[in-house]
Amino acid sequence: MKNVTSSIHQRQQQQQHLLSDPNPISPRSSPNWGRSAAVFCRTWLLALLTLVVVLGVVLPDLRAPDGIFGGSKIAVSKWRDYTLEEAVPFVAKNGTLIVCAVSQPYLPFLNNWLISISRLKHQDKVLVIAEDYATLFAVNSRWPGHAVLVPPAPDAQVAHKFGSQGFFNFTSRRPSHLLYILELGYSVMYNDVDMVWMADPFPYLEGDHDVYFTDDMTAVKPLNHSHDLPPPGKKGRTYICSCMIFMHPTDGAKLVMKKWIEELQAQPWSNVKKSNDQPAFNWALNRTSAQVDLYLLPQVAFPTGGLYFKNQTWVQETKGLHVIIHNNYITGFEKKIKRFRDFGLWFVDDYAVLESPLGRI
């Protein structure tokens, strides 16, 4: 009994000692524990901070492609109210911008065109004139500020069908957009998006001419051909392509755009005469040529699709001299894409993620 009492007394003394000792002998009382806890705390905080930064960077990119539709009503409203007057100075570099007009069905072609421009470091001066709200939001959600819609938006369901009234309404808006940009005081290049840049076109836009353009005829010209407006053809007018135009903000360029608008109004689309914008552009050039400094770009650098894709002898003889290729003289999305693929000019499948400002759209 004496041993039991003694044992209990010893345990009580030990407990009192533990309670009174601010640094009891235990694994936690190791001299290194304080330093270990501090290191652990700093490491944990650093890991948490890193996670927050990573989530902040990655999560926006993981949103759905149409995230701007279902996400921020403010963002949607912002782009609906975004004007050409705001967009042009935002995009322009050294007083110049590159413009295209696109509806939703043409987004793959827009991406392909952009990849070719990005390779030549001119993508930052591109402004997409969206012809429907789906295109406006799709572009600006990935590349903020590089798309603008000038209301009213044409019917997106028919605007892409060549020869339709919708297509006419879509293309006939072009000269008004270009005139407005000229009135703002900027030089502007217009491209159709079924084009591919092979080299930098700006060295070819030499001098201070009012309007630069390309011939849409397939007949081979001599390398040193004239840069004057060609003589009229069988229909009494030239056959200049309205797909590639460059203009300085001069009175002459503005006059051509105003005349183009007038010609479109004088030659409206009808079921009998399924017109498009190109004949009106040619009439505008022909009727202002005495007042305007016009410049025909070299055919070898800016060949029409009817020449580049159908005359391989000429292509081989002029290899290395081509600057912008136009995939025209063929209709239909799938046919155009197949032709680009056949000639190694369809970049979207392999290079969109890394080389397009839009990524894989």
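Basis of the calculations
- Residues numbered from 1 in each chain as written.
- Predicted model: local features only at pLDDT ≥ 70, side-chain atom pairs only at ≥ 80, totals over all residues.
- Heavy atoms only, no water.
- Patch = residues over 30% accessible without salt bridge, like charges linked within 9 Å, V, L, I, M, F, W, Y side chains within 5 Å.
- Areas by Shrake-Rupley, 256 points an atom, 1.4 Å probe, with all protein chains shown as cover.
- Salt bridge = Lys/Arg side-chain N within 4 Å of Asp/Glu carboxyl O.
- Helix = DSSP H or I, 4+ residues; strand = E, 2+ residues; numbered from the N terminus.
- pLDDT = per-residue confidence, 0-100.
- Contact = heavy atoms within 4.5 Å.
- Buried < 20%, exposed > 50% of the residue type's maximum accessible area, 1.4 Å probe, protein only.
- Pairing = 2+ DSSP bridges.
- Right-handed = clockwise from strand over helix to strand, strands pointing away.

## Quick look at a nonpolar patch on the surface
Then comes step 1: A surface patch of nonpolar side chains, amounting to about 270 Å² of accessible area, comprises M217, Y239 and Y329.
Then comes step 2: Here M217 shows up in the loop between β6 (211-215) and β7 (240-247).

## Considering the confidence of the model for the protein
Then comes step 1: Residues of the protein with pLDDT of at least 70 account for 71%, and the chain-wide mean is 83.
Then comes step 2: Low pLDDT, under 50, characterises residues 57-73; the stretch is placed with 14 contacts to residues that sit more than four places away or in other chains.

## A short note on the pattern of salt bridges
Then comes step 1: Per the stated rule, a full pass over the model turns up ten salt bridges.
Then comes step 2: Ionic pairing is found between D192 and R174, a salt bridge with its closest N-O pair at 3.8 Å. Taken together, the positions of D192 in the loop between β4 (187-191) and β5 (195-197) and R174 in helix α9 (residues 174-183) put the pair 18 residues apart, joining distant regions of the chain. Judged on exposure class, the residue D192 and its partner R174 are both buried.
Then comes step 3: Between K221 and D215 there is a salt bridge; the shortest N-O distance is 3.0 Å.
Then comes step 4: A relative accessible area of 9% places D215 in the buried class.

## Details of the environment of D215
Then comes step 1: Its location among the elements puts D215 in strand β6.
Then comes step 2: Aside from chain neighbours lying at most four places away, what touches D215 is K221, P230, Y239, I240, L296 and T304.

## As for the pairing of strand β2 (residues 126-130)
Then comes step 1: Counting buried residues in β2 gives five out of five residues, a clear majority hidden from the surface.
Then comes step 2: Because side chains alternate across β2, one face comprises the buried residues V126, V128 and A130, and the other comprises L127 and I129, equally buried.
Then comes step 3: Taken together, the five bridges between strand β1 (residues 96-102) and β2 define a ladder with parallel strand orientation. Note that in β2 the partner of I98 across the bridge is V126.
Then comes step 4: A crossover links β1 with its parallel partner β2, the connecting element being helix α6 (residues 107-118), and its sense is right-handed.
Then comes step 5: In this sheet, strand β3 (residues 147-149) lies alongside β2 in parallel orientation, the contact comprising three bridges. Among the inter-strand pairings, I129 is bridged to a residue of β3, identified as V148.
Then comes step 6: Crossover handedness for the path β2 to helix α7 (residues 133-142) to β3: right-handed.

## Quick notes on unusual backbone geometry
Then comes step 1: Put simply, P151 and P152 share a cis peptide bond, and its omega is 0°.
Then comes step 2: Residue position: P152 is located in the loop between β3 and α8 (165-171).
Then comes step 3: Phi at N94 is positive, roughly 55°, even though this residue is not glycine.
Then comes step 4: Within the secondary structure layout, N94 lies in the loop between α5 (84-91) and β1.
Then comes step 5: Judged by its relative accessible area of 82%, N94 is exposed.
Then comes step 6: At Y329, a residue that is not glycine, the phi angle is positive and equals roughly 60°.
Then comes step 7: Examined against the element boundaries, Y329 turns out to sit in the loop between β9 (324-326) and α14 (333-342).
Then comes step 8: Taking relative accessible area as the criterion, Y329 reaches 34% and is therefore assigned partly exposed.

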